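Remarks on the overall topology
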Amino acid sequence: MNNSSLAKPVRSDEAVFSPSSDLAVRAQKNALYRLIRCLFAEGILDPALLSPADDGSGVLFPVREPRSMLWFERLERAPANTLINRGAIALLQGDGQRRLIDTADALLDVLLPSFDFVPADAGAEKLKADIASSIANDMLARRFRESWDGALREEIAAAGAGGLCDYMRRRHGIRQAAILLDQWGSLEGHPFYPTWKTKPSLSEEEVTALSPEFAAVVPVRIAALRKEMAHVERMPHIADARQWFAAHYPETARSWATGLAARGLQVADWLPLPIHGWHLEHHVRQHFAPEIEQGILLLDGPDIATRPSMSFRTMLPDGEEGGPFIKLPVAIWLTSEQRSLQAKSIHMGPRISTVISDILADEQGFGGSLEIFTEDLGIHFKHAERQDDAEGKHLSVLFRATGGRLEREDGLLPVTVAALLARAPSGDGPLISELVDGGSGMATAAAVVAFFRMYARAVIHPAVQIYLLYGIALEAHQQNTSILFDREGRPVRMLIRDFGDGRTYAPLLRARGHDLRPYVYKGILPTVFEDDIEPVRSFVIDACFVCHLHEVALALTRHYGLAGDILWRVMGEETERAFAAARPRMADARLWHAERHHFLGEGWSTRSVLRMHLQKYSNYRLQHQLPNPMGMAGA
Ligand SMILES: Nc1ncnc2c1ncn2[C@@H]1O[C@H](COP(=O)(O)OP(=O)(O)OP(=O)(O)O)[C@@H](O)[C@H]1O
Ligand SMILES: [Mg+2]
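It should be emphasised that the depicted structure is a prediction, and the values quoted were computed from it without experimental measurement. (Residues numbered from 1 in each chain as written. Chains lettered and ligands numbered in written order. Predicted model: local features only at pLDDT ≥ 70, side-chain atom pairs only at ≥ 80, totals over all residues. Heavy atoms only, no water.)

Here we look at the nonpolar core
- L70, F72, L111, F115, Y455, M571 and W604 are the most contacted members of the largest nonpolar core, which has 149 residues in total.
- With 15 residues, helix α15 (residues 445-470) is the single largest residue contributor to this core.
- For F72, the contacting residues outside a window of four places in its chain are I36, F40, L50, G58, V59, F61, N85, A88 and I89.
- The next biggest cluster of nonpolar side chains, apart from the first, holds 50 residues, and it includes V207, L271, F288 and L297. (Core = buried A, V, L, I, M, F, W, Y, C linked by side-chain atoms within 4.5 Å. Buried < 20%, exposed > 50% of the residue type's maximum accessible area, 1.4 Å probe, protein only. Helix = DSSP H or I, 4+ residues; strand = E, 2+ residues; numbered from the N terminus. Contact = heavy atoms within 4.5 Å.)

Observations regarding the side chain of N480
- Mapped onto the fold, N480 is located in the loop between α15 and β21 (481-485).
- A polar atom in the side chain of N480 sits 3.0 Å from the backbone oxygen of E475.
- With residues up to four places along the chain from it excluded, the contact list for N480 reads E475, L495, I496, R497 and D498. (Polar contact = N/O pair within 3.5 Å; in protein donor to acceptor, adjacent residues only side chain to side chain.)

Quick look at the coordination of the magnesium ion (ligand 2)
- Protein ligation of the magnesium ion (ligand 2) involves Q479 (OE1), N480 (OD1) and D498 (OD), the donor distances falling in the range 2.1 to 2.3 Å.
- Between the six donor atoms coordinating the magnesium ion (ligand 2), the angles at the centre fall across 64 to 176 degrees, so the site counts as irregular.
- Each donor residue of the magnesium ion (ligand 2) lies on one chain, and together they are spaced Q-N-x17-D. The same class applies to Q479 and to N480, which are both buried. (Donors = N, O, S within 2.8 Å, 3.2 Å for Na, K, Ca; no water. Tetrahedral: all angles 85-135°; square planar, octahedral: opposite > 155°, others 65-115°.)

So, the confidence of the model for the protein chain
- Taken residue by residue, the protein chain gives an average pLDDT of 94. The fraction at 70 or more is 96%.
- The low-confidence segment residues 1-18 (pLDDT under 50) makes 29 contacts with residues lying over four places distant or belonging to another chain. (pLDDT = per-residue confidence, 0-100.)

Here we look at the side chain of S340
- Inspection of the secondary structure puts S340 in the loop between β16 (337-339) and α11 (343-362).
- Here S340 falls in the buried class, since its relative accessible area comes to 18%.
- The residues touching S340, leaving out its near neighbours within four places in the chain, are R313, P329, V330, K393 and H394.

Brief notes about the packing of aromatic side chains
- According to the stated counting rule, one finds 20 aromatic pairs in the structure shown.
- Relative to Y249, the ring of F245 lies with its centre 4.9 Å away and its plane at 35 degrees, an arrangement referred to as tilted.
- Take Y249: its relative accessible area is 0%, and that puts it in the buried class.
- Over the aromatic face of W592 sits the side chain of R583, whose NZ or CZ is 4.3 Å from the ring centroid. (Phe/Tyr/Trp six-rings, centres within 6.5 Å; stacked < 30°, edge-to-face > 60°. Lys NZ or Arg CZ within 6 Å of the ring centre and 35° of its normal.)

What follows is the structure in structure tokens.
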């Protein structure tokens, strides 16, 4: 094939893009970026088949049927087999024709015959539909963002603040600043899922009214459930669920109790059960009609105004009353699964919170490097006679305490990691660059490396200590993790949430005198492992390294134009340091060596998110290996 005439294909309609169609183009590019990244990283397409075009303009990939070449104008290679598309794509056909590929659908059609497997639906129709939903929601969010950022720019200037984080500190208390930053930081969604913003069952109005990236405030109804129809799981400091609720949401609890009494009911017979406003109308009323009819579930009750946090379904009360986070089921498909809140999470959240709290007390927070949002109390519907845990997965709640975490006086501001990677309102770079630069102009490469070292240490040290010494995996991905920054903008500590699906390795926990009761139920995959530590390790590597530190390194490397893989080497050095810190305390030297080798010398295990989607989630634990970019000699 003659490639010498390759030039950037020009779209005839390029000149007439309106601002909104520009958003459409950007959303399509976003979808293409994610799809291409996953296709090569997961080995669905073999990156070894990429070759430079003869004339030096971009790279080519051979397409199987009909035989032709796919041309990428700018496909950048970053560590860990990360292929980032930043330019045009075209199909070079055998007859010399060149066809522009500018949608994810078109790319899928061209590449499907070259996949290393046949998807569950041969045309990948479900994937295409979910990508279309993501694109539509991405456009909506970016349109909203333009005016939100515009308003923030004015407010930041008027306050004379040094940037968004500084402004949030000056304008709001820490609790309010943290949740607003979390909502603002929801813009990008999961960093590489091709269906990053899919919400197929929601209308545009619903997406806008319910999603954090629109600064939504959503009502949560406090319903009432007969107490013998529930399973209650509590941390040991809680004696009584209803009293605990009354202590944390005093006005709401009073109005809830008054409502029951007005109906002539005994308050002591009932439990308060929060229900997400959308879920109440679209699922609970129909699905639990028999329970409502039988007087087991009362749907009247006060509403709490809440802000959805980045996960969409964990809500922070927004009023004067304050109160813990409320994590809820919503019968909506988001990103990769329906957001139910199953019995396993209700049982394991408080149990794991208890074990980690005990460990942090013994270990002084691993040198003050780790805090958690404890999941103090969980409730799920469980019929007194039927005793079926599965029935409760859409009628359940987990309360996540905020005291001392969001309400704090130590000058530390928790910023959810995904927010650090979103573009700052100034438009100058990712939010994290405000903290790196610290108000004195663009930081030098040496200063960026020094900042990243502090950052990586704040994440890696506690994650590796609690894993090696206790067998606990922290799922420290971008949405579960906040970094606590001091007033000077230095990363000092990690604050982590979301333990319901947390994985643990029981032999290590037991060896240090801790007991974690596993949740065992038919059809539910185990999360407390006895024989093999691998699933626990891959959880740490996927969340903490692949989805989090790797992304921070990519963003900083690009923004500051850093050379090569320097930040990945820093990551490796900090991992070495964390292993060295744990070594004197590990009786089993073989385990230490083996784990060090896995973290530093072997491929990074990560979830095959695209392959799982294309296989209709017939296996939720598919994973692949990425070349380890920390690859250390002798590890
Ligand atoms: N940067 C991000 N990384 C991962 N997930 C993200 C990100 N931004 C938004 N999300 C969304 O957050 C959710 C993450 O799912 P996950 O199971 O970790 O949390 P959860 O259990 O639903 O809630 P929580 O973390 O509040 O306990 C998904 O819906 C995902 O789309
Ligand atoms: Mg989460």
